[in-house]
Each structure stands twice: as structure tokens, then as C-alpha cells.
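# What the coordinates show
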Amino acid sequence: MSHRMEGVGQLPASYRHNRPLLSGVSDAEARQPGKSPPFSVNWVVGSVDLEIINTTTGRRSCGGPSRLCKHVLSARWARLYGRLSTRTPSPGDTPSMYCEAKLGAHTYQSVKQQLFKAFQKAGLGTWVRKPPEQQQFLLTL
């Protein structure tokens, strides 16, 4: 993904092109494609807990949502924003749905379009969009 973003151009000050140091396969011939495992693992710096996710359902083995799902991340962001914000929101000022909040993030939307255009220009195709229903849920504070 990092190399695919080379042609994205200048980003706004609040964004950066992150180039993680990951081990990868440099020779496509050496890669042995196969069926992906039915799970993924994530972890958080400062925590000893691993989270194992069923890749078919996107949920933890106990059935609960992942700490990386949109709903959980948006709730964490809203709580953090509420703690850090010095501004008192007016009624109707705060979006009630995730899709409204995302559409209201104008810089994010601009950078996303910039990324999509860079992918098309590089011949990498178009971004696969998920069904809009997946972003239509109430935000919880």
C-alpha cells in the first residue's frame, strides 16, 4: 500500500505518507499464494492483549465486536474529542450518524479523492466501496 501511494502528491499538514518498516516479499516469484487463514490478529502498543478476529464475520472469537471496527473506533474518537474540545456544541451541530460525521470531515474527503485519483492515474484501478449501509449507524458518546 505504501508504494502505491507514491503518486498521491502533496498532502495537507494534518496528513503524512507513513512508510512502515515491514518485512515483505521483494520477489513476486518467491511468493507462494494460498488460501488466507480464517483469522487475523491485532495488538495495541502498551497492551499485552492480542485480539483474534474471525475474518468471515469480523468479530472476536467470543462474538463481540473488534476494537478496530468502525463503531468502536468512532465511539473512542467521540469520547476523546469530548474530553479535548473546548467548544460547546450547539444542538444539531454534532452529527448523530457515522456517515454524517465522515461526510462532514471535508479535509479527509478531499484527501480520499486525491488518493483515488492517484490510484487510477497509476493504473491501479478503482477503490472497492463497501455498501453504504455499513456506515449508517448511530454514534455513541
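Rules behind the numbers
- Residues numbered from 1 in each chain as written.
- Predicted model: local features only at pLDDT ≥ 70, side-chain atom pairs only at ≥ 80, totals over all residues.
- Heavy atoms only, no water.
- Pairing = 2+ DSSP bridges.
- Helix = DSSP H or I, 4+ residues; strand = E, 2+ residues; numbered from the N terminus.
- Buried < 20%, exposed > 50% of the residue type's maximum accessible area, 1.4 Å probe, protein only.
- Phe/Tyr/Trp six-rings, centres within 6.5 Å; stacked < 30°, edge-to-face > 60°.
- Core = buried A, V, L, I, M, F, W, Y, C linked by side-chain atoms within 4.5 Å.
- Contact = heavy atoms within 4.5 Å.
- pLDDT = per-residue confidence, 0-100.
- Patch = residues over 30% accessible without salt bridge, like charges linked within 9 Å, V, L, I, M, F, W, Y side chains within 5 Å.
- Areas by Shrake-Rupley, 256 points an atom, 1.4 Å probe, with all protein chains shown as cover.
- Salt bridge = Lys/Arg side-chain N within 4 Å of Asp/Glu carboxyl O.

Looking at an unreviewed UniProt entry, the protein chain carries the name A to I editase domain-containing protein, with the source organism given as Macaca fascicularis.

## Quick word on the sheet that holds strand β2 (residues 50-54)
A sheet is described by the order of its strands in space; here three strands give the open sequence β1-β2-β3, paired in antiparallel fashion. With partners counted over all chains shown, the strands left at the sheet margins are β1 (39-43) and β3 (59-60), one partner each. Sheet topology places β1 next to β2; five bridges connect them, and they run antiparallel. Of the residues in β2, the one forming a bridge with N42 is E51.

## Section: the environment of A78
The residue A78 is located in helix α1 (residues 70-84) in this model. With relative accessibility at 12%, the residue A78 sits in the buried group.

## Notes on the pairing of β2
Side chains E51 and I53 of β2 all project onto a buried face; the interleaved residues L50, I52 and N54 project onto a face where none is buried. With two bridges joining them, β2 and β3 adopt antiparallel strand pairing. Across the sheet, residue N54 finds its bridge partner in β3, namely R59. Adjacent in sequence and paired antiparallel, β2 and β3 are bridged by four residues, among which G58 carries a positive phi angle near 80°.

## Remarks on the packing of aromatic side chains
For the structure shown, the criterion picks out three aromatic pairs. Judged by centre distance (5.9 Å) and plane angle (15°), the ring pair of F119 and W127 falls under stacked. When its relative accessible area of 6% is taken as the criterion, F119 is described as buried. An aromatic cluster is built from F116, F119 and W127, whose rings are joined through pairwise contacts.

## Some words on the nonpolar core
Residues M5, V8, L11, V111, L115, A118 and F119 constitute the largest nonpolar core, which totals seven residues. Residues within four places of M5 in sequence aside, it is in contact with H17, L115 and F119.

## Focus on the confidence of the model for the protein chain
Summing up the model confidence of the protein chain, the mean pLDDT is 83 and the portion of residues at 70 or higher is 87%. Across the protein chain, the element-wise mean pLDDT spans from 85 in α1 up to 93 in β2.

## Here's the deal with a nonpolar patch on the surface
Where nonpolar side chains cluster on the molecular surface, the patch consists of F39, V41, W43, L50 and I52 and spans about 560 Å² of accessible area. Broken down by secondary-structure element, the contributors of at least two residues to the nonpolar patch are β1 and β2. Here the nonpolar patch takes three residues from β1, the largest share from any one element. Mapped onto the fold, V41 is located in strand β1.

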